[in-house]
Amino acid sequence: MRYRPYGKAGQVVSAVSLLLDGGVRHSAREWRNQVSAALDLGINGFEIAGESPALIEGASEALAAVERELLFIIWRPRMLPLEPGHAIEAFLARTGLGYLDLLCFDSAPPSADVLQRLRDTRWVRSYGLTSDDEDTDLLITHGGFDALTTCYSPVSGWRERNRLKAAAERGMAVVARNIWPESLHPKPVMFKKPLLGRRRNPLAGMVGGYNFLEATPGWTPEEICLAYVLTEPAVTTVRFEIDRLDRLERLASVPDRDLPTGIAAQIEMARFSADGLRIGARA
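Cut-offs used in this document
- Residues numbered from 1 in each chain as written.
- Predicted model: local features only at pLDDT ≥ 70, side-chain atom pairs only at ≥ 80, totals over all residues.
- Heavy atoms only, no water.
- Phe/Tyr/Trp six-rings, centres within 6.5 Å; stacked < 30°, edge-to-face > 60°.
- Helix = DSSP H or I, 4+ residues; strand = E, 2+ residues; numbered from the N terminus.
- Buried < 20%, exposed > 50% of the residue type's maximum accessible area, 1.4 Å probe, protein only.
- Lys NZ or Arg CZ within 6 Å of the ring centre and 35° of its normal.
- Salt bridge = Lys/Arg side-chain N within 4 Å of Asp/Glu carboxyl O.
- Axes fitted to C-alpha atoms, helices over the stretch in contact; angles between N-to-C directions.
- Left-handed = near helix turned anticlockwise from the far one by under 90°.
- Contact = heavy atoms within 4.5 Å.
- Nonpolar A, V, L, I, M, F, W, Y, C, P; charged D, E, K, R; others polar.
- Polar contact = N/O pair within 3.5 Å; in protein donor to acceptor, adjacent residues only side chain to side chain.

Asks: Explain the packing of aromatic side chains here, please?
Replies: The geometry of an aromatic ring pair is captured by two quantities: the separation of the ring centres and the angle between the planes. Inspection of every chain in the model, using the stated rule, returns four aromatic pairs. Geometrically, the ring pair formed by Phe105 and Tyr127 is stacked, given 6.3 Å between the ring centres and 25 degrees between the ring planes. Of this pair, Phe105 sits in strand β6 (residues 102–105) while Tyr127 sits in strand β7 (residues 127–130), and the two are 22 residues apart along the sequence. The class of Phe105 is buried, set by a relative accessible area of 7%. Exposure remark for Tyr127: the relative accessible area of 0% places this residue in the buried category. The positively charged end of Arg125 is found above the aromatic ring belonging to Tyr99, 4.0 Å away from the centroid. Between Arg257 and the ring centre of Trp219, over which it is positioned, the NZ or CZ distance is 3.8 Å.

In structure tokens form, the structure reads like this:
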């Protein structure tokens with residue numbers, strides 16, 4: 001596993017990080033096993049979403065086996081009151097974590113004064129946004145946040161790329177998610193009998209498309225997407241929600257592999273073609 005710097009305090013986070021969503025019905029034992037497996041693979045970044053008792057119990061037991069300074073913990077609460085100090089204190093008491101490396105907000109965050117008071121308590125080291133809408137761009141411009149969790153993939157257009165650039169210019173770390181969007185998932189192949197007297201061009205539909213994702217030896221489409229997103233300098237870590245151990249192992253190995261030769265160029269060609277089609281459709 002490779003690690004990337006976060007902020008100016010010398011912290012590092014694994015290139016692949018794990019989302020632990022309390023909305024998923026796992027037992028404490030299942031959560032503990034999942035976190036332990038990730039730790040064994042060198043993953044030190046964990047985003048805890050919500051306050052599920054089973055999640056808190058299982059994750060806390062597994063994380064307690066590692067020195068706190070070696071972990072990078074994100075908490076994304078379902079909802080925080082306007083004065084969130086008591087909620088954060090209670091969460092830290094239940095988990096035994098001591099502090100949060102990053103507190104993320106799905107919606108409008110508390111006022112700057114409230115955030116500063118929390119920072120003064122040393123319970124929260126940094127703040128971030130989890131969003132992809134136009135308001136996100138305004139909040140990035142406004143400043144005051146340390147990180148951005150946002151969708152980014154090989155099909156991302158100029159708006160998403162400019163968002164990452166704006167975040168990087170303001171010193172914000174980027175947590176990438178949804179790096180293998182539904183539009184790139186393999187589709188069932190429907191074979192049609194060719195018309196008599198006609199020969200189908202075997203290259204038809206390939207130029208400017210993403211078909212190569214499914215035809216690269218030794219790589220799955222998701223692994224290619226991950227390797228490509230990790231070439232973006234603004235991306236600090238890529239966040240996944242994973243149940244199966246085999247998938248976790250495969251993705252954890254990707255940061256140590258080089259993207260196959262020519263793949264980046266094919267992705268850019270496909271994305272450029274898609275951007276052209278979208279522009280043409282709006283014209």
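Asks: Looking at this model, I keep getting lost on the pattern of salt bridges. Mind explaining?
Replies: Applying the stated criterion across every chain, the model contains twelve salt bridges. Where Glu47 meets Arg76, a salt bridge forms, and the shortest distance between an N and an O atom there is 2.5 Å. Here Glu47, found in strand β4 (residues 45–49), pairs with Arg76, found in strand β5 (residues 72–76); they are 29 residues apart in sequence, far enough to count as distant. Accessibility expressed as a relative area gives 1% for Glu47, which makes it buried. Linking Asp132 and Arg177 is a salt bridge whose minimum nitrogen-to-oxygen distance equals 2.4 Å.

Asks: Would you explain the packing of helix α1 (residues 28–40) against helix α2 (residues 53–63) in this entry?
Replies: When two helices pack together, their arrangement is captured by the angle between the axes and the distance separating the axes. Packing of α1 against α2 leaves a shortest axis separation of 7 Å and a crossing angle of 35 degrees. Of the two possible hands of crossing, α1 and α2 adopt the one that is right-handed. Taking contact as the criterion, the partners of Ala28, Trp31, Arg32, Val35, Ser36 and Leu39 in α1 are, on α2, Ala54, Leu55, Glu57, Gly58, Ala59, Glu61, Ala62 and Leu63. Classifying every residue of the contact of α1 with α2 by side-chain character gives nine nonpolar, two polar and three charged.

Asks: Any chance you could explain the side chain of Ser156 here in plain terms?
Replies: By the element assignment, Ser156 lies in the loop between β8 (147–151) and α6 (158–169). A relative accessible area of 6% means that Ser156 is categorised as buried. Here the side chain of Ser156 touches Ser153 through a polar contact of 2.9 Å, landing on its backbone nitrogen. Sequence-distant contacts of Ser156, that is, excluding residues within four places in its chain, are made with Cys151, Arg161 and Arg271.

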